[in-house]
Amino acid sequence: MVVLTDKSEKRLTIQTTDIAADTTTIRSLDWDRDRFDIEFGLQNGTTYNSFLIRGEKIALVDTSHEKFRQLYLDTLKGLIDPKDIDYLIISHTEPDHSGLVKDVLELAPDITVVGSKVAIQFLENLVHQPFKKQIVKNSDRIDLGNGHEIEFVIAPNLHWPDTIFSYDHKTQILYTCDAFGMHYCSDATYDDDLEAISPDYKFYYECLMAPNSRSVMSALKRMGQLETIGAIATGHGPLLWHNVDELVGRYRTWSQNKTKAETTVGIFFVSEYGYSDRLAAGIATGITKTGVAVEMIDLGGEVDLQELRELVGRCAGIVLGMTPASGGSNIQAALSTILGSAKEKQAVGVFETGGGDDEPVYPILNKFRDLGLKTAFQPIQIKETPTENTDKLCEESGTDLAQLVTIKKSIKQMKSLDADLDKALGRLSGGLYIITAKKGDVKSAMLASWVNQASFKPLGVSIAVAKDRAIESLMQVGDTFILNVLEEGNYQGLMKHFLKRFAPGADRFEGVRTQTAGNGSPILADALAYMECEVACRMDCGDHWVIFSTISNGRVAKPDALTAVHHRKVGNHY
């Protein structure tokens, strides 16, 4: 075991351990991290785990967070000449696992990067340089020699759409990245103390995996087709060695319980066609942020038509990516099964996939409408390479569909609140604000009243943002935005504009006077005051995120004017 330490204020260490024949883990230990980028609090830090497999050919499974750049690269070069690495296997492209991919490619430009189609597409946008690549599908294999044959398991939405597992048939180790992991930092390489790690294991599942419990069940089914799984090499926390069956069993039990009562939407597409993977992933993101479950089915693979019929029948909503008109008989049979199993009052949405041979979108949509299905969003049409705004359009379309299929449940919950409590809660008042944000080419805004100053040092505010708000994805840790303060007696125009329901992808600033702040976000010209903010951390509060942000700059347009105040009568809605 080798341990190196960074002399920075935060404790960052590297641990290397031989975990099986020809197999070494490089664990980046982040002892003091108290927040993670899906924004839940960490009690015990976290780790970022990477793995080196040496057969006749050599594979590196994942890298590390960029904060470990020098420590990780020095450790890697101490173990092997990076130029000798043949494959870099990307379990998924979230920055805490792929943050050093570009650095590894610079050290070893002849490496072949292995990942799902979506992962490779994401990486091409991340590293901005050409690289050798190999796209893998479920059950594909790469033979490293000396018995190390790596089999791949597609595991979308655990917790990113591009996720794959990798199974080494020689060592019987399954590399799962986020799945079965936990944010728990200790010197113990393995799950030695089950009692100590159990709370973090459960908390991690609830925050990351529970919203995608059906995807967990699908992954468990695929895992069942592998040989014996002797160990699970996770991307975070200790590796599972002593308690594999117990901890995998907990995932199964938790996910079965989640799926029994869940509202589910099925997304059906041909992953190898056009931009289907990317567009479907965007729609799935928008659906799952509302708490609705998603099941993604690749119609280009082996599809059991009976299982497909059962899935469509129990879904509250259906999303269909246009299949190729010249697709094979298996795709046509699957499409006919979906149409034949759809039922009245289900929600439906369709999207073009940009493959150049799409089935016409409106005839398919009209067939669903004739069956009595409700259109959840306008067809997404793809005339050019998708952009960030296309991704946002897909996300917002998914959210609209999810809100449609849960509207009765939402109304029932609102009415269930005790009448006196409802009125009492409604007496809580707040100011009126509009949050505006820009990230890349994507802009968004929302009217807010649950805003409060939260600290003096640093200067900070807390804002409650519903999880299904479009702007939520632009308010991750490190993102910047503008908090616009509305003026009493002069807010009705802006309030009316930003209260209206915008279609997915609509320009929320059309007809609104703005100027650009130093952080790039729009300032509303008619606001009483504004503040430039940066998201510092987020707390999960059920159906809302409470977002704490620091303030770097601000200005008041009318020093004598007052902030607009929002008075409610009931507390079960805004």
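Residues numbered from 1 in each chain as written. Predicted model: local features only at pLDDT ≥ 70, side-chain atom pairs only at ≥ 80, totals over all residues. Heavy atoms only, no water.

> Whenever I open this one, unusual backbone geometry confuses me. Can you help?
Most of the time, phi is negative for any residue but glycine, and the peptide bond is trans. Looking along the chain, the bond that leaves Lys457 and enters Pro458 is cis, with omega of 0 degrees. Tracing the sequence through the fold places Pro458 in the loop between strand S22 (451-455) and strand S23 (460-466). In this structure, His128 takes a positive phi of about 55 degrees despite not being glycine. Phi at Phe180 is positive, roughly 70 degrees, even though this residue is not glycine. Following the sequence through the fold, Phe180 ends up in the loop between strand S12 (173-177) and helix H5 (194-209). (Helix = DSSP H or I, 4+ residues; strand = E, 2+ residues; numbered from the N terminus.)

> I keep staring at helix H15 (residues 492-499) and nothing clicks. Help me out?
Count 3.6 residues to each turn of an α-helix, and residues three or four apart come out pointing the same way. Taken residue by residue, H15 has Leu494, Met495, His497 and Phe498 as its buried positions. One face of H15 carries all of its buried residues, which in axial projection span an arc of 165 degrees. Exposed and oriented more than 90 degrees from the buried face of H15 are Gly493, Lys496 and Leu499. (Buried < 20%, exposed > 50% of the residue type's maximum accessible area, 1.4 Å probe, protein only. Arc of directions from axis to C-beta.)

> Explain the nonpolar core here, please?
Within soluble globular proteins, side chains that are nonpolar tend to cluster in buried spots. Phe165, Phe180, Met209, Ile229 and Tyr251 are the most contacted members of the largest nonpolar core, which totals 30 residues. Breaking this core down by element, the ones donating at least two residues are strand S11 (164-168), H5, helix H6 (213-223) and helix H7 (244-260). The element contributing the most residues to this core is H5, with 6 residues. The contact partners of Phe165, leaving out residues within four places of it in the chain, are Glu151, Phe152, Val153, Ala155, Leu158, Leu174, Tyr175, Thr176, Ala179, Phe180, Ala219 and Met223. One finds Leu76, Leu105, Val113 and Val127 within the second-largest nonpolar core, a separate group that totals 27 residues. (Core = buried A, V, L, I, M, F, W, Y, C linked by side-chain atoms within 4.5 Å. Contact = heavy atoms within 4.5 Å.)

> How should I be thinking about the environment of Gly355 in this particular structure?
For Gly355, the location among the structural elements is in the loop between strand S17 (347-351) and helix H11 (361-370). The spatial distance from the C-alpha of Gly355 to the C-alpha of Ser276 is 8.3 Å, given a sequence separation of 79 residues.

> Just to check I follow, could you spell out the pairing of strand S7 (residues 112-115) for this structure?
The side chains of a regular strand alternate, residue by residue, between the two faces of the sheet. Residue alternation in S7 divides its side chains into two sets, Thr112 and Val114 and Val113 and Gly115, and both sets are buried. Strand direction decides the pairing type here: strand S6 (residues 87-89) and S7, joined by 3 bridges, are parallel. Across the sheet, Leu88 pairs through a bridge with Val113, a residue of S7. By the bridge criterion, 4 bridges tie S7 to strand S8 (residues 132-135) in an arrangement that is parallel. If you follow Thr112 over to S8, its bridge partner there is Lys132. Of the crossover connections in this fold, the one passing from S7 over helix H4 (residues 117-127) to the parallel S8 is right-handed. (Pairing = 2+ DSSP bridges. Right-handed = clockwise from strand over helix to strand, strands pointing away.)

Treat this as a map of the structure, not an account of what it does.
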